[in-house]
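# Coordinates in review
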Amino acid sequence: DFDYSGMYRDEMYRNFTEKVIDPVHRNVRAAFGKDELIDGVPYQDWVDFIGTAAPVYLNDYSQMQLRHSKISMSFSALLFGPFYFFYRKMWLPAAIFLTLDVFGAYIPQLLQFLVLADSSLVAGLDLNVFSVVLNVLRVVNLAVQFAAGLFAVYWYRHIGEKRIARTLQSCSPA
């Protein structure tokens, strides 16, 4: 006897898989066109470059393209600052944000500890001026962290596009 239910099930599965498009591909096609060229770089090259987080980043890139915006919130960059940029091998932003963290948060914090400990190193420091400067630096540091969170995905896209293009150029036959 012939199993008609298996044939029907196989046909239904084939029809289902042909009609369902991966949501990431759908978003990329809507934003960048049918060729799926993101900043002139093929979709699969982006997937290979980004790694396991590719669906998240490619969706963010698609949304940024559709909105004509450079802003997309990265909570990892917001919370971890320079460490996020180091992890994503974005050396220049990592160095810049690490420097801003050191001068905007860690050194003032160290000075505050020295003031509280009545250290002779900060004996001539006017505490009222120091307090105002410390509060201003804290607000500036928060603004810098927020900017890092807002623009990290854009910077990653920009740096990634250059790196992928450079890699493709070095691998192409001369």
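Nothing here was measured: the structure is a model prediction, and the numbers come from that model.

## Re the overall build of the chain
Across its full length, the chain carries eight helices and two strands. Secondary structure elements in the chain, listed N-terminal to C-terminal, are α-α-β-β-α-α-α-α-α-α. For the chain, buried positions account for 29% of its 174 residues. Sequence-distant contacts in the chain: of pairs separated by 6 or more residues, those separated by 24 or more amount to 63%. With the model as given, the accessible surface of the chain reaches about 11,800 Å², and the carbon-plus-sulfur share is 64%.

## Looking at the side chain of serine 119
Looking at the element boundaries, serine 119 is found in the loop between helix 7 (91-116) and helix 8 (127-171). You can call serine 119 buried: its relative accessible area is 18%. Reaching out from serine 119, the side chain makes a polar contact with the backbone nitrogen of leucine 121 at a distance of 3.1 Å.

## Things to note about the environment of phenylalanine 83
By secondary structure assignment, the location of phenylalanine 83 is in helix 6 (residues 82-87). Judged by its relative accessible area of 52%, phenylalanine 83 is exposed. For the pair phenylalanine 83 and alanine 94, spaced eleven residues apart in the sequence, the C-alpha separation amounts to 7.0 Å.

## Overview of helix 4 (residues 54-67)
End to end, helix 4 covers 20 Å across 14 residues, agreeing with the expected 20 Å (1.5 Å per residue, within 8%). Regarding helix 4, the residues found buried are Ala54, Tyr57, Leu58, Tyr61, Ser62 and Met64. Buried residues along helix 4 cover an arc of 165° about the axis, so they all sit on one side. In the segment just after helix 4, histidine 68 is the residue with positive phi, at about 55°.

Analysis parameters
- Residues numbered from 1 in each chain as written.
- Predicted model: local features only at pLDDT ≥ 70, side-chain atom pairs only at ≥ 80, totals over all residues.
- Heavy atoms only, no water.
- Helix = DSSP H or I, 4+ residues; strand = E, 2+ residues; numbered from the N terminus.
- Buried < 20%, exposed > 50% of the residue type's maximum accessible area, 1.4 Å probe, protein only.
- Contact = heavy atoms within 4.5 Å.
- Areas by Shrake-Rupley, 256 points an atom, 1.4 Å probe, with all protein chains shown as cover.
- Polar contact = N/O pair within 3.5 Å; in protein donor to acceptor, adjacent residues only side chain to side chain.
- Expected span 1.5 Å × (residues − 1).
- Arc of directions from axis to C-beta.

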